[in-house]
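This is what each chain is made of:
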Amino acid sequence: MQQIIPTPGIVHPGIWHVENHPQEGHGGTDIGARRMLVPLDDSPGSAFVRQHEMAHATISPDVEKVMKSRKRRKLQIPTHTSIQVAEDLRIDAWQQYIGLSIIDPDFGDYAAFVAEKIAKPAAVGDLYSATCMAVAAHFPLQEVGAGIPQSVRVVKAKLREAIDRVILRRQFKDVIELALMLDLLRPGKPANGGGTEEGNKGSVVKWGAVEVLEPERTRPRDGSLVAISSMQGVDLSDPSRIFTDCRPFERIVPMQGQGSFLIDCSSSMCWTPDALHKLVESRPEASVALYAGHKVDGRLVIVAKDGEAADASECMRLIEHLGNNTIDGHGLEWLSQQPEPRYWFSDGQATQPNGNHGAAQLECIRLCAENSIQRITRIPD
Ligand SMILES: [Zn+2]
């Protein structure tokens, strides 16, 4: 069989070592070492792999060198996998830009293949792998909505922007930004990218110290009750419902499902004792907490829990001297332990004491995504 040997030295000067890749259908390029492993047979699938690796040789930087320089400048280092995924998106965007096909001819139904590759990790809650697959496959997330878990859709807007930047500008700095964002989806990883060992030291999100205050809840549980319609019972309240939803009876049960509220009381939010009073009174079963921070620390005040509530004005007084965010992450962790639906009343402008606000805000997006928390800027009716 005829062997076809690509010549990356034409696009990236130097002496290259090109060898057959031991694994069928796989390729790899090490720019720094000028080494390329690709299938050398003359099948269309192998030509496709070679085209992809030649694109790397043409526009990919020496990633290791770039990361070393970021490390020196104490910048965040994305994980290797995320960089690879994001860079492959750029490679595809570039190939498409210069008129090359980015669909592997070996695949009949590429869309179905990718959808399945996304659905598998998504089904077991592995958001990171599902999203990486979606990105690497250059598959617009909104078109595979059904396969992507709800929590990825929460971060979708930001992710989408980062993806679009890579596709439109095709610059490596956008690849790094996208990779850092992907890293936020890694299970149990702080927003430091989780990256390569010591590479991230100093860039972990470090929230301010939190003081949790629980003023006495003077409004006792009044056993708030609510009437619900039911299929069985003794109080026949609306016989006509036999013909509609089969729920003609009425049952009186304790009110539930009013959810939980974490209120950002930093000065940008302009939250008032009146608003707090209204919230607590209108939702007697909701869990409610306030928080605000100072330079390096902050307070989380538990206002209402288990149907009991503390005095709204007194709770507000406990944080009135605080105007910053600083402890958003601690607040969101408290909220993630409370009953759903969970609401975070905030403009999302989270901060941490060391001033890296971008990382703090991304970490909050991740916490919201992982814990089904919805950020709101007005209390729903
Ligand atoms: Zn690649």
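Scroll up to find the structure this text is about.
Structure report, in brief. (Residues numbered from 1 in each chain as written. Predicted model: local features only at pLDDT ≥ 70, side-chain atom pairs only at ≥ 80, totals over all residues.)

Bringing the overall build of the chain into the picture now. When you go through the chain residue by residue, the secondary structure sums to eleven helices and 13 strands. Looking at the chain residue by residue over its 381 residues, the buried ones come to 38%. Taking contacts inside the chain between residues at least 6 apart in sequence as the whole, the part at least 24 apart equals 67%. (Helix = DSSP H or I, 4+ residues; strand = E, 2+ residues; numbered from the N terminus. Buried ≥ 20, exposed ≤ 12 C-beta atoms within 10 Å, placed from the backbone. Contact = placed C-beta atoms within 7 Å.)

On to the pairing of strand E3 (residues 35-38), then. Within a regular strand, side chains alternate between the sheet's two faces. With burial as the criterion, only one face of E3 is covered, namely that bearing Met36 and Val38; the residues Arg35 and Leu37 on the opposite face remain uncovered. Strand direction decides the pairing type here: strand E1 (residues 17-20) and E3, joined by four bridges, are parallel. Each residue of the ladder has a partner; that of Glu19, found in E3, is Leu37. Two successive antiparallel strands, strand E2 (residues 28-30) and E3, enclose a turn made up of four residues, where Arg34 displays a positive phi of approximately 50 degrees. (Pairing = 2+ DSSP bridges.)

The strands that make up a sheet are held in pairs by hydrogen bonds between backbone atoms, and each pair lies either parallel or antiparallel. Ordered by their spatial adjacency, three strands build an open sheet running E1-E3-E2, and the pairing between neighbours is mixed. Every other strand in the sheet has two partners, leaving E1 and E2 as the edge strands with one partner each. On average, each strand axis in the sheet is tilted by 10 degrees relative to the strand beside it, whichever way the strands run. As paired elements, E2 and E3 share three bridges and run antiparallel to each other. Considered in E3, the bridge of Gly28 is made with Leu37. In this fold helix H1 (residues 44-59) packs onto E2 and E3, with an angle of close to 165 degrees to the strand it touches most, E3. (Axes fitted to C-alpha atoms, helices over the stretch in contact; angles between N-to-C directions.)

Its location among the elements puts Asp347 in the loop between strand E12 (342-345) and helix H11 (357-370). Residues Asp347 and Arg378, spaced 31 residues apart in sequence, show a C-alpha to C-alpha distance of 9.9 Å. Contact partners of Asp347, with chain neighbours within four places excluded, come to Ser268, Met269 and Thr377.

Turning next to the nonpolar core. Core analysis: the largest hydrophobic core is formed by 73 residues, its most contacted members being Ala86 and Val303. When residues of this core are sorted by domain, at least three fall in each of domain 1 (61-200) and domain 2 (209-223 + 256-376). In contact with Ala86, not counting residues within four places along its chain, are Val135, Val166, Val175, Leu178, Ala179 and Leu182. Val38, Phe48, Val49 and Ala57 belong to the second largest nonpolar core, which has eight residues in total. (Core = buried A, V, L, I, M, F, W, Y, C linked by C-beta atoms within 7 Å. Domains from an automatic or database assignment.)

The axes of two packed helices give the description: the angle between them and the distance between them. For the pair H1 and helix H3 (residues 80-97), interaxial distance at closest approach is 10 Å and the crossing angle is 95 degrees. Here H1 is positioned roughly perpendicular relative to H3, judged by the angle of their axes. Between H1, through His52, Ala55, His56 and Ile59, and H3, the contact on the second element is made entirely by Ile91, Trp94 and Gln95. Residues belonging to the contact of H1 with H3 are distributed by class as follows: four nonpolar, three polar and no charged. (Parallel < 35°, antiparallel > 145°, perpendicular 65-115°, else oblique. Nonpolar A, V, L, I, M, F, W, Y, C, P; charged D, E, K, R; others polar.)

Pairing geometry for strand E4 (residues 209-213) and strand E10 (residues 297-305), over five bridges, is parallel. For Val210, the partnering residue across the bridge sits in E10 and is Gly298. Across six bridges, strand E9 (residues 287-293) lies against E10 in antiparallel orientation. Along E10, the bridge assignment pairs Val288 with Ala304. Connecting E9 to the antiparallel partner E10 that follows it, the hairpin turn spans three residues. Relative to strand E11 (residues 308-309), E10 runs antiparallel, the two sharing two bridges. Note on E11: the bridge partner recorded for Ala304 is Ala309. Linkage of E10 to E11, two consecutive antiparallel strands, is achieved through a turn of two residues, within which Asp306 is found at a positive phi near 50 degrees.

Glancing now at the packing of H3 against helix H5 (residues 127-136). Packing of H3 against H5 leaves a shortest axis separation of 8 Å and a crossing angle of 25 degrees. Classified by the angle between their axes, H3 and H5 sit roughly parallel to one another. Residues Thr81, Val85, Ala86, Asp88 and Leu89 of H3 touch H5, and the partners they reach there are Cys132, Val135 and Ala136. Grouping the amino acids of the contact of H3 with H5 by side-chain chemistry returns six nonpolar, one polar and one charged.

Just distances and angles here, no functional claims.
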